[in-house]
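Commentary on secondary and tertiary structure
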Amino acid sequence: MSEHGWYELFSRGARDWLRHNEKVREAVHQHLPELVANADVLEGGTRTVRVPVRMLEHHHFRLLRPGEQEGVGQGEGVRPGDRLAGPASPAGPGRGPGGREQGGMEFVLELQVDDIVDWLWDEMRLPNLQPRAGGAAEETDWIREGWDRKGARSRLDRRRSFRESLKRRASQAGAAQPAADGKPPPAFTDDDLRFRQLNRRARPATQAVVFLLMDVSGSMADADRKLAKSFFFWAVQGLRRQYRHIETVFVAHTTEAWEFDEARFFEVRGDGGTIASSGFQKVQEIVAERYSPSRYNIYLFYASDGDNALSDRADAAARLAQLRESASYCGFLEVSAAVQRHLTTETARLFRNSPGSGGAGTLGSFPVSRTEDIWNAVRHFFSHQQRGQESAS
Amino acid sequence: MSGASWRDHVGAIQRLAAQAGLEHDPVEFEAVPDSFMMEISVYGLPVRMPHWSFGLRYITQLIQHRMGHSRLFEVVFPGNPGHAYLAAGNSLAENVLVTAHVLGHADFSRNNLLFRRSQQQVGANIVEGAARHAQQIAQAIGEHGQARVERVLDAALALEQHVDTGQPLERPRFPDYAPPRAAPGDDGFRRRYEALGPDTGRRAPEPGRVRAPIPPRPERDLLWFVAQYAPDLEGWERDIFLAVREESFYFQPVFATQVMNEGWASYWHARLLREASFLPQDAYLDAAKCHSDVVRPWASGENVALAINPYHLGFTLWERIIEEQGVEAARRIMREDDDFGFVRNQLTRERAEALGLFRFRASANGEVRVAEHDLGALHEALLAPKYNFGAPAVAASRIAVDGSLELVHDHRLDGRGLDPEASTRVLEYLHRVWRRPVRLKTVDSRGHEIEMAVSAEAQPR
């Protein structure tokens, strides 16, 4: 069919179908927080999220559906009064008078995690980001960062991808003609695609390290842990997208604390009691070892059900106060899947009552009890407007 | 490729057609891939303006096609020359049949009154006209952006059936002023009244022009009306409305003569095939099988269908007409009728019975019962979906002083009211181009009058 090969490039139906999908995406965009919350992104290393959506409908003036529809059929030996379909048995495929089905069709839309992060993080910033000595001193600007083989679909560089495809096909055609199976090389493969790494947001003239501290003690139910991990997942994705020079450190604690690499962090579970100060202490140690506050903006996000051991109250408060001296921001995510809480837990109190001294960084807290809250939490902690003042509600 | 050998027969088939009395303009045949065939059927034209709703139809068709529900052999476009697209996957036998079928269509579109009229209006080549529209819209997208163009197309394509092909395509605006009132006639009363002397207590009415109401009577060509009278419509938006309207003028006769037209083409492909002695025997058999597949009234393995195959109905009627009255009488009917006249005049009681046609009622709970025999009711049930280009009778009735548009639905004509949800969505599309409030009167399911209105941009985008 090579004489019609040109045609495949200009398929109008496919073009209009893509436009329809684009419109669906725009519509989905508005419901993204709910969709994101329910998507199972933590399983496996998938870079896409599948969400069921409805096809759009282009409406025309249409009559009300009558209670009784009249039609004309054709058949052998059919007599007046014959019943061709009973009320119990729905008309089989191809036999119903048609036009009876309500609403539109559903299909599954595959969204790239990169796309979602782009949308969600459009207006997000790390709070209180300050220039630090030794950081790469770059001004905020529109920055092109070359091309990559992976990226958000919206950043696909068609011209360059096409060039890659041409190059590959030229070399393939030259290498083996005809190809082993007699087919011409495919027009595009995934390897041909090039995405613009165009950073359209401000880049920090700073270096930053973000500590993600999670309580994995026995009191954290599976649902709690899932909430916490989802939050961390979207936070990390966004931070990485937003800032090039950012380091992340993953710490989990029960009565003691451990540092994990990212993959294991999202799988970790423990049991036993909760001693928040152990986590804070671990963070302090890592800071002292690797991240000098003079060179790094330091951030801590702590997710816990808030049931800290009462015996730890003084210790935890002291550690948190010390941490604040060097950290730009400390956030507490109160997870409680079972009951809806409003920052009434021991740890929430700890964050609220922490005495602020002059140089101390800001604190913030946010309660999450349903998956729908996760996005609100991300917004709360990273939203552009709230970088300064913080109230614990 | 079988293409070469199929083309060898085109000349012979054309000679046969000419001997049989078919009169057609030259037709250009082109074999195209199945995917292109599918797009032609989705868009109705080989190149047509872009809109997301076509994408939706495309994907639905694609799925059906994959599931083997439908197969397209050919699509023909009238004109001089006409254009016929044949599926490249057709076998030799199928293409011989299809060639004859195409010539039947070409004969029909050259001679049928509705088609002739539409071609006078739209021009002899809709394929190129539509391509020009597509280009014009691509240009508008470049200048004004996809979102704005889409907003116009959402409205125009939603109203695509609402045209009045009884009016010329190039239609002048309504007169802006009412005609001056005619001088009062000479009658006894007036003479006696004037003999009383001048009426001093009342000022004489000022002579002057009176603005005519727009529209003077309910206007059902909504595409034209919006293009002419939308208060703040920009030139390029108006052009889009008129482009959609022009295409509707082309589609309307295709819609209104489907049974006749498909039947006519099927009759002639069958007849020319019988006379095609030049065909190899096996190709002949294949073609005959293909014919019986196309005109069969119900799906294989069944003997009752709750729908009519227009190919079969038209084919059978033409076969009887030509058998009983001869080709000349049939040609006269073909020239003068549309499906309404054709079905009412030609679908006699005997023919309906021979075809096994019946009327049924399907209630909402899924029960389907065969109704009593009644030829008139059978005709109406067959034709009901074809009235008014298949659209409810909605007309523009008034432009209010604030520029808002009032539409009225003739629910008595349609027998029931409009679906409020779908109609409100259409009003939303319309409001975005009318840019003033838009209202629509119809009745609800209990027959009470209701009004739907869309005004401020409070709706979601």
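Conventions and cut-offs
Residues numbered from 1 in each chain as written. Chains lettered and ligands numbered in written order. Predicted model: local features only at pLDDT ≥ 70, side-chain atom pairs only at ≥ 80, totals over all residues. Helix = DSSP H or I, 4+ residues; strand = E, 2+ residues; numbered from the N terminus. Buried ≥ 20, exposed ≤ 12 C-beta atoms within 10 Å, placed from the backbone. Contact = placed C-beta atoms within 7 Å. Pairing = 2+ DSSP bridges. Domains from an automatic or database assignment. Axes fitted to C-alpha atoms, helices over the stretch in contact; angles between N-to-C directions. Parallel < 35°, antiparallel > 145°, perpendicular 65-115°, else oblique.

So, on to the overall build of chain B. Counting secondary structure elements, chain B contains 18 helices and 10 strands. Along the three orthogonal principal directions, the C-alpha set of chain B runs to about 100 × 60 × 50 Å. Out of the 461 residues belonging to chain B, those deemed buried represent 41%. For chain B, restricting intrachain contacts to residue pairs at least 6 apart in sequence, the fraction spanning at least 24 positions comes to 74%.

Take the overall build of chain A next. Across its full length, chain A carries 11 helices and 12 strands. A buried classification covers 33% of the 393 residues belonging to chain A. Restricting the contact set of chain A to residue pairs at least 6 apart, pairs at least 24 apart contribute 83%.

Here we come to the pairing of strand β5 (residues 357-363) of chain B. When a strand is regular, its side chains alternate between the sheet's two faces. Counting buried positions along β5 of chain B yields 5 of 7 residues, so the element is predominantly enclosed. Judged from the 7 bridges that link them, strand β2 (residues 68-75) of chain A and β5 of chain B form a sheet pairing that is antiparallel. Residue glutamine 69 of chain A lies in a different strand from β5 of chain B, and its bridge partner there is alanine 362 of chain B.

Turning to the sheet that holds β2 of chain A, a few remarks are in order. Across the sheet, 5 strands lie side by side as β3(A)-β6(B)-β5(B)-β2(A)-β4(B); this open sheet has antiparallel pairing. Two strands close off the open sheet at either side, each with one partner strand: β3 (83-85) of chain A together with β4 (304-305) of chain B.

This part takes up the domain arrangement of chain B. Per the domain assignment, the segments making up chain B are domain 1 (300-385) and domain 2 (388-454). Inter-centroid distance (C-alpha atoms) of domain 1 of chain B to domain 2 of chain B is 33 Å.

The subject of this paragraph is the packing of helix α6 (residues 126-144) of chain B against helix α7 (residues 146-158) of chain B. Residues and elements named next belong to chain B. Direction vectors running N to C along α6 and α7 enclose 135 degrees, while the axes themselves pass 7 Å from each other. Considering their axes alone, α6 and α7 lie oblique with respect to each other. Between α6 and α7, the contacting residues are Ile137, Ala140, Ile141 and His144 on the first element and Gln146, Arg148 and Val149 on the second.

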